[in-house]
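Residue-level listing of the chains:
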Amino acid sequence: MAARAFLNWVFVLAAALLLSGCIRPATSPMRTVSLTQSEPGGNRCLFVFLPGRRDGPESFAKEGFVEAVREAKLAVDMIGVDAHLGYYFKGIFPARLREDVIIPAKEKGYDQIWLVGISLGGLGALWYDGRYPGDVAGLVAIAPYLGEPETSREVSLAGGLTKWSPGHIAGNDFQKQIWRGLKLYTQREKNFARVYVGYGLQDEFAATNGVFCQVLPGDQVFKCEGGHDWDTWRLLWADILKELTVHEVNLRTDKNQRRQ
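First, a word on scope: everything that follows refers to the structure included in this document. All values reported here derive from a predicted model rather than from experimental measurement. (Residues numbered from 1 in each chain as written. Predicted model: local features only at pLDDT ≥ 70, side-chain atom pairs only at ≥ 80, totals over all residues. Heavy atoms only, no water.)

When the charged atoms of two side chains lie near each other, side chains of opposite charge can form a pair. A complete count under the given rule lists twelve salt bridges for this structure. The partner of Arg 70 in a salt bridge is Glu 67, with the nearest N and O atoms 3.7 Å apart. One end of the pair, Arg 70, and the other, Glu 67, are both in helix α4 (residues 65-71), three residues apart, so they sit about a helical turn from each other. Given the relative accessible area of 38%, Glu 67 is considered partly exposed. Members of the salt-bridge network, linked through shared partners, are Arg 31, Glu 58 and Asp 82. (Salt bridge = Lys/Arg side-chain N within 4 Å of Asp/Glu carboxyl O. Helix = DSSP H or I, 4+ residues; strand = E, 2+ residues; numbered from the N terminus. Buried < 20%, exposed > 50% of the residue type's maximum accessible area, 1.4 Å probe, protein only.)

Here's what the structure looks like:
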């Protein structure tokens, strides 16, 4: 039930994030951009970057995320995905990402795949992980959209996600369906050393992010001064990369060492 709840996040976006004007069509396959300088496939780990609502796959290189990975000397390849709002609005984001990106990556030999999403992309990373459990090694969600604050306040007043019981949820109550899906991460095997969340303390999503992060190990939660912007996200990404180099040794070792 929890995994299926993620399918309804698209309707939350339609209600809360939909802009006036046209939504870009969801084409097949998804457009991807290689962000790796070396020949793709040289490493066994892949970062899949999922952009925010106003950004594209190239934004991660433009805004310094790719360079930060190189400076951390992580042995990973990187790809940006043009996962725009159109895929969420049609409800096909998880299926298209799996068909167009994840499965082909595994066929190329990547045995460790991480989703890295910002804002809309952070929601997408969590949605995918709930829809296809076990498909990816882990995920990083920076300032993810997790619904409107009314439901997160209800969860908080109940004592947090572990104690909160959604009860019967009406078919159109997409806000509660989001949080029912997030209850998946109260399980240690689903969150430990595989789910990392960061947000700015002045971010409009800070309150909702904070309620969710209560179920995560403390060293997997990152906060700093700042709002919903790239300056803040760069700081958070740098801190998250430091943590990954400590706990995910396979991201640091080169491919020759891994074969030994």
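Still more to cover.
Among the structural elements, Arg 234 can be located in helix α12 (residues 230-247). We classify Arg 234 as partly exposed; its relative accessible area is 31%. Sequence spacing of Arg 234 and Ile 142 is 92 residues, and the spatial spacing of their C-alpha atoms is 9.8 Å.

On inspection of all chains with the given rule, the structure shows 16 aromatic pairs. Aromatic side chains Phe 65 and Trp 230 sit 5.3 Å apart centroid to centroid with 85° between the ring planes, which places their arrangement in the edge-to-face category. With Phe 65 in helix α4 and Trp 230 in helix α12, the pair connects residues that are 165 residues apart, well separated along the chain. On the basis of relative accessible area, Phe 65 is assigned to the buried category, the value being 0%. Each ring, one from Trp 230 and one from Trp 233, has its centre 5.2 Å from the other, and the planes form 70°; the classification is edge-to-face. Taken together, the residues span about one helical turn, with Trp 230 and Trp 233 both in helix α12 at a distance of three residues. Owing to a relative accessible area of 5%, Trp 233 belongs among the buried residues under this scheme. Of the aromatic side chains, those joined through ring pairs into one cluster are Phe 47, Phe 49, Phe 60, Phe 65, Trp 230, Trp 233 and Trp 237. Its guanidinium or amino end placed over the ring of Tyr 132, Arg 98 lies 4.9 Å from that ring's centre, counting from NZ or CZ. (Phe/Tyr/Trp six-rings, centres within 6.5 Å; stacked < 30°, edge-to-face > 60°. Lys NZ or Arg CZ within 6 Å of the ring centre and 35° of its normal.)

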